[in-house]
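# Secondary and tertiary structure notes
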Amino acid sequence: MMASDDTSDLAARLARLERELMELKARVIALERLEGAGELHPTDSSTVQKKVVYDWQK
């Protein structure tokens, strides 16, 4: 009986943690959209462009 209680406690904890993880993922996605994540900072963009030109010329 005790092993069954331990298993059900672990299953409940795992289910709760999975829900929390899904909620956190959704929050991160929302924050990234709000902040415009994925866009390069102008300095980074310039550096990437220079690297591409340099590599293309080789």
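Tallied over the full model, the rule gives two salt bridges. The partner of R16 in a salt bridge is E20, with the nearest N and O atoms 3.4 Å apart. Pair noted here: R16 and E20 are both in helix α1 (residues 2-35), with a separation of four residues, about one helical turn. We classify R16 as partly exposed; its relative accessible area is 39%. For D55, the salt bridge is made with K51, and the minimal N-O distance between the two is 2.8 Å. Remark: K51 and D55 occur in helix α2 (residues 42-57); sequence separation between them is four residues, near one turn of the helix. With relative accessibility at 37%, the residue D55 sits in the partly exposed group.

Cut-offs and rules
- Residues numbered from 1 in each chain as written.
- Predicted model: local features only at pLDDT ≥ 70, side-chain atom pairs only at ≥ 80, totals over all residues.
- Heavy atoms only, no water.
- Salt bridge = Lys/Arg side-chain N within 4 Å of Asp/Glu carboxyl O.
- Helix = DSSP H or I, 4+ residues; strand = E, 2+ residues; numbered from the N terminus.
- Buried < 20%, exposed > 50% of the residue type's maximum accessible area, 1.4 Å probe, protein only.

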